[in-house]
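Report on the structure
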Amino acid sequence: QDQAQAVEGAVREQQYNLARVYLDTQRFTEALPIFEDLAKKWPDQTRFVQHLAQCYWALGRRKEAKSLLEQLLVFVPNDDSAPEKKDEAEAAAELPAKEGASVSREHPKPRPWADLLMGIIHFEEGDLEAALACLLKAEQSDPLLPDLHLHIGETYLRQRRIIDAERAFQNALQIDGDRAEAHLGLAVVRLRQRRNEEAAEEALLAVGLQHFLPLGHFYLGVSLARLGHHDRAALAFETSLTMLPGLAAAHRWLAALYTQPGGGDIEKAATHRSIYLQMRRQRQAQGTRP
C-alpha cells in the first residue's frame, strides 16, 4: 500500500510540474484540464485549486475563478497538516473535501496570492472598493508579492487618489528598480500632477527598460506635447500606434498635433481624426469609453 501511494504521489507531482510548465509559458488551455483533474482528485491541495483559479481567470472564465478563490479565502481546515511549502502559490493546505465538513471560519488563513487574484478580478469588473480591499489584504500578508504594488497603484489611479498611487508605484520600484510598469505608473502620476518634465523622464525610463510598451510611448507623447516638443511627441504617438493600433487617444493627439501651424500635415491630421471618430462611434455603440 505504501508503494502504491508513493507511485500515485510521483505521478501526481509529475502532472503538476507539467501543468506548471504550461502555465508559466501561458499555454492555459493545455494546463487547464490537468489542474481540473488534480483539483478534483486532491481537493485538499490548495496549490492545485489556486492554479486552477489562475487558469480560469487567464481564459476569461471569471465566474469559475471567483468561486474557487472564495473557497480558498473562506474555508480553513481544522487539521493544518500541510506538506512543506516552497512559496505561497504552491502552499498545500486542506480544504473541506465534501459538504458538511467541519471547518472554522473565524480566522481565515492568509492567502495573499488568492487575495491578489481576487483583487484583479474585482478591478476588471469595475468594483474598485472591493479590489482595493483584497489588494491591501494581500499586502498585509505578503508585501513582496510580485506585481501587487502595481495593481494597488492602478486601482488608486482609477480612484483618482494620486498620492496613494505614487506611493504604491514607488513601493514597486523599491522591490524592483527596473520595473518598466512602475515607471509608467509614475509617468501617469506626474502627468496628473502637471509635472510634465518628470513625466517625460519616467516614460523614457519605462520604454528604455521595455521598448514594446505602447502606453509608455503614448504617455511620453503626452508629456512631450505639453512641453511643446510637437515633432518628438508625434513620433512617440506614431510609435505607440505601431504597437497598439486601437489606441484611439493617440489618433486624437496626432490629429491635433498635425494641425499645428508651421509644421502641420493637414492630410495626416484628417486621417487620424477620421480614425479616431470611427473608433469613438464603435465604442459608444458597444457601450465602452472612447
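Just so you know, the residues in each chain are numbered from 1, in the order the chain's sequence is written. Selection of residues for local features in this predicted model requires a pLDDT of at least 70, selection of side-chain atom pairs for listing and counting requires 80 or more, and totals for whole chains, interfaces and linings are taken over all residues. Think of the side-chain values as coming from all heavy atoms in the structure, minus any hydrogens and water.

Describing the overall build of the chain
A run of H or I in DSSP becomes a helix once it reaches four residues, and a run of E becomes a strand once it reaches two; helices and strands are each numbered from the N terminus. On a plain count of helices and strands, the chain comes out with 14 helices and zero strands. Order of helices (α) and strands (β) in the chain, N terminus to C terminus: α-α-α-α-α-α-α-α-α-α-α-α-α-α. Burial status across the chain gives 44% buried among its 290 residues. When checking whether two residues touch, look at their non-hydrogen atoms; a contact exists if any pair is within 4.5 Å. Residue pairs in contact within the chain that sit at least 24 positions apart in sequence constitute 52% of those at least 6 positions apart. Per-residue and other accessible areas were derived by the Shrake-Rupley procedure at a 1.4 Å probe size, with only the shown protein chains allowed to occlude residues. Accessible surface computed for the chain: about 16,000 Å², of which carbon and sulfur atoms make up 50%. Each residue's exposure class comes from its accessible area (1.4 Å probe, protein chains only) as a fraction of the maximum for that residue type: buried when under 20%, exposed when over 50%, partly exposed otherwise.

Focus: the nonpolar core
Side-chain atoms within 4.5 Å are what join buried Ala, Val, Leu, Ile, Met, Phe, Trp, Tyr and Cys residues into a set we call a nonpolar core. Counting 28 residues, the largest nonpolar core has F35, L38, L52 and L69 as its most contacted members. Elements that contribute at least two residues to this core include exactly helix 1 (2-24), helix 2 (28-41), helix 3 (46-58), helix 4 (62-74) and helix 5 (112-124).

Here's the deal with helix 13 (residues 248-257)
Turning to helix 13, its buried residues are A248, A250, H251, L254, A255 and L257. Those residues of helix 13 that are buried lie in contact with helix 11 (214-226), helix 12 (230-243) and helix 14 (266-286).

As for the pattern of salt bridges
Salt bridges are defined by distance alone: a side-chain nitrogen of Lys or Arg within 4 Å of a carboxyl oxygen of Asp or Glu. Under the counting rule described, the total for this entry stands at 16 salt bridges. Of the charged contacts, one joins E13 and R12 as a salt bridge, the two residues approaching to 3.1 Å between their closest N and O atoms. For E13, a relative accessible area of 25% translates into the label partly exposed. A salt bridge links R179 to D147; the nearest nitrogen and oxygen atoms lie 2.6 Å apart. With R179 in the loop between helix 8 (162-175) and helix 9 (180-192) and D147 in the loop between helix 6 (128-141) and helix 7 (148-158), the pair connects residues that are 32 residues apart, well separated along the chain. What makes D147 partly exposed here is its relative accessible area of 31%. Among the charged side chains, a salt-bridge network with shared partners connects E166, R190, R195 and E198.

Structural notes on the packing of aromatic side chains
Only rings of Phe, Tyr and Trp enter the pairing, Trp through its six-membered ring, and a pair is recorded when the two centres are within 6.5 Å. The plane angle decides the type: under 30 degrees is stacked, over 60 is edge-to-face, the rest tilted. All chains considered together, the criterion is met by six aromatic pairs. With a centroid separation of 6.4 Å and 65° between ring planes, the pair formed by W42 and F48 is classed as edge-to-face. For the pair shown, W42 and F48 are each scored as buried. Three or more aromatic residues joined by ring pairs make a cluster, and in this case those are Y16, F35, W42 and F48. In this scheme, Lys NZ or Arg CZ marks a charge over a ring once it lies within 6 Å of the ring centre and within 35 degrees of the ring normal. Here R12 stacks its cationic end above the ring of W42, 5.4 Å away from the centre of that ring. Between R47 and the ring centre of Y16, over which it is positioned, the NZ or CZ distance is 4.8 Å.

So, the side chain of R47
Of note, R47 is situated in helix 3. Under the relative-accessibility criterion, R47 is labelled buried at 10%.

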